[in-house]
Amino acid sequence: MPDNSANAARLSDLSLPLYEVVKRQITEAIMIGALEPGSVLPSEIALAQTYGVAVGTIRRALMDLTNEGLLSRRRKTGTVVTGRKPQHGLRLFFQYFRLHGLDGSLSKSVTKVTSLELGEASDETAAKLQIETGRPIVHFHRVRYIDDRPIMHETLTLPRERVPGFPQKQEDIPPLFYLHLLENYGIRISAIREQIGADLASEDDARWLNLTLPAAVMTIDEVAYDQMAVPVLISAHRATTADHRYVNEIQ
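Keep in mind that this is a model prediction, so the values were computed, not measured.

A. Molecular detail of the overall build of the chain. Of regular secondary structure, the chain possesses eight helices and eleven strands. Burial statistics for the chain: of 251 residues in total, 45% are counted as buried. Contacts in the chain between residues at least 24 apart in sequence constitute 61% of all its contacts with a sequence separation of at least 6. For the chain, the accessible area works out to roughly 13300 Å², and carbon and sulfur atoms hold 48% of it.

Here it is as structure tokens:
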């Protein structure tokens with residue numbers, strides 16, 4: 001469970017309303033089975049102390065979840081988990097990248113992991129993940145395809161301590177990685193900070209994306225934060241935009 005107001009302060013730094021943060025944490029607890037159907041939530045005062053927020057914030061979150069059908073408010077019993085599914089199923093919720101054709105149509109992409117490494121955090125990586133330099137990390141590379149054509153390649157890095165038992169073979173890393181983090185480690189990606197730019201394609205870009213140099217690529221550098229506003233994943237994406245556009249639709 002969250003720990004007092006320090007967590008709330010970090011969450012507020014991400015410009016995310018605190019009631020929405022609490023709402024998402026309760027939702028994910030329901031989705032991963034930590035709160036089973038029929039469970040009775042603690043009182044609003046107890047929840048406010050647990051999450052380190054005001055009672056009014058808890059009340060707003062519970063009201064929204066009740067309106068959405070995940071909770072039921074019963075006069076004598078209290079607030080009860082109904083067992084209904086969220087409005088957005090997990091697999092829809094975790095479709096993070098939206099790639100559209102030039103005509104505006106949504107394109108479905110598939111990913112293939114090409115390498116997996118275990119290493120130690122450099123100064124730069126440690127600073128982004130807010131861990132000590134030299135701490136163990138997981139680092140993997142994958143290519144994103146549309147209709148068998150490579151359109152983006154990306155590297156993802158996260159602290160190994162957050163993902164014990166992480167797949168040891170690259171082919172075992174699931175394509176819906178955010179969903180994997182939630183279902184296996186209780187880590188919910190709740191906020192992402194992106195820096196989007198453009199660059200001349202490198203030889204690696206040409207190899208992974210089948211480009212003829214010179215060419216240009218779009219770059220997306222990200223830091224992803226968990227439900228406690230702790231950075232958990234850094235990633236770097238390089239993509240060709242000759243036939244597709246990237247649309248960010250995080251909900």
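B. Inspection of the packing of helix α3 (residues 44-51) against helix α4 (residues 55-67) at higher detail. Running from N to C, α3 and α4 cross one another at 110 degrees; their axes reach a closest spacing of 8 Å. Classed by the angle they form, the pair α3 and α4 counts as roughly perpendicular. Listed contacts from α4 to Glu44, Ile45, Leu47, Ala48 and Tyr51 of α3 are Val55, Ile58, Arg59 and Leu62. Among the residues forming the contact of α3 with α4, the class breakdown is seven nonpolar, no polar and two charged.

C. View of the packing of helix α2 (residues 18-31) against α4. Two numbers describe how α2 lies on α4: the axes approach to 8 Å, and their chain directions differ by 50 degrees. In this view, α2 runs oblique relative to α4, as classed from their interaxial angle. In terms of crossing hand, the pair formed by α2 and α4 is right-handed. Contact residues: Leu18, Tyr19, Val22, Lys23, Ile26 and Thr27 in α2; Thr57, Ile58, Arg60, Ala61, Leu62, Asp64 and Leu65 in α4. In terms of residue class, the contact of α2 with α4 is made up of eight nonpolar, two polar and three charged.

D. Structural context of the pairing of strand β2 (residues 78-81). Alignment of strand β1 (residues 71-74) against β2, held across four bridges, turns out to be antiparallel. Counterpart to Ser72 in the pairing with β2 is Val80. Connecting the antiparallel pair β1 and β2 is a turn made up of three residues.

E. Region of the structure containing the side chain of Glu222. Relative to the elements of secondary structure, Glu222 occurs in strand β9 (residues 216-225). The side chain of Glu222 is buried and forms no salt bridge, while Arg142, the nearest opposite charge, is found at 8.2 Å. A distance of 3.2 Å separates the side chain of Glu222 from the side chain of His237, its partner in a polar contact.

F. Fine view of helix α7 (residues 177-185). Extensive coverage of α7 is indicated by the burial of seven of its nine residues. A positive phi of about 70 degrees marks Gly186, the residue just after α7.

G. Expanded view of the packing of aromatic side chains. This structure, assessed with the given rule, holds three aromatic pairs. For the ring pair Phe140 and Phe177, a centre distance of 5.2 Å and an interplane angle of 70 degrees mean the geometry is edge-to-face. With Phe140 in strand β6 (residues 136-146) and Phe177 in helix α7, this pair connects stretches of sequence that are 37 residues apart. Relative accessible area serves as the criterion here: at 0%, Phe140 is assigned to the buried category. Judged by relative accessible area, which is 2%, Phe177 ranks as buried. Members of the aromatic cluster, each reached through a chain of ring pairs, are Phe140, Phe166 and Phe177. It is Arg60 that lies over the ring of Tyr19; its NZ or CZ is 3.9 Å from the centre.

Criteria and thresholds
- Residues numbered from 1 in each chain as written.
- Predicted model: local features only at pLDDT ≥ 70, side-chain atom pairs only at ≥ 80, totals over all residues.
- Heavy atoms only, no water.
- Helix = DSSP H or I, 4+ residues; strand = E, 2+ residues; numbered from the N terminus.
- Buried < 20%, exposed > 50% of the residue type's maximum accessible area, 1.4 Å probe, protein only.
- Contact = heavy atoms within 4.5 Å.
- Areas by Shrake-Rupley, 256 points an atom, 1.4 Å probe, with all protein chains shown as cover.
- Axes fitted to C-alpha atoms, helices over the stretch in contact; angles between N-to-C directions.
- Parallel < 35°, antiparallel > 145°, perpendicular 65-115°, else oblique.
- Nonpolar A, V, L, I, M, F, W, Y, C, P; charged D, E, K, R; others polar.
- Left-handed = near helix turned anticlockwise from the far one by under 90°.
- Pairing = 2+ DSSP bridges.
- Lys, Arg positive; Asp, Glu negative; His and termini not counted.
- Salt bridge = Lys/Arg side-chain N within 4 Å of Asp/Glu carboxyl O.
- Polar contact = N/O pair within 3.5 Å; in protein donor to acceptor, adjacent residues only side chain to side chain.
- Phe/Tyr/Trp six-rings, centres within 6.5 Å; stacked < 30°, edge-to-face > 60°.
- Lys NZ or Arg CZ within 6 Å of the ring centre and 35° of its normal.

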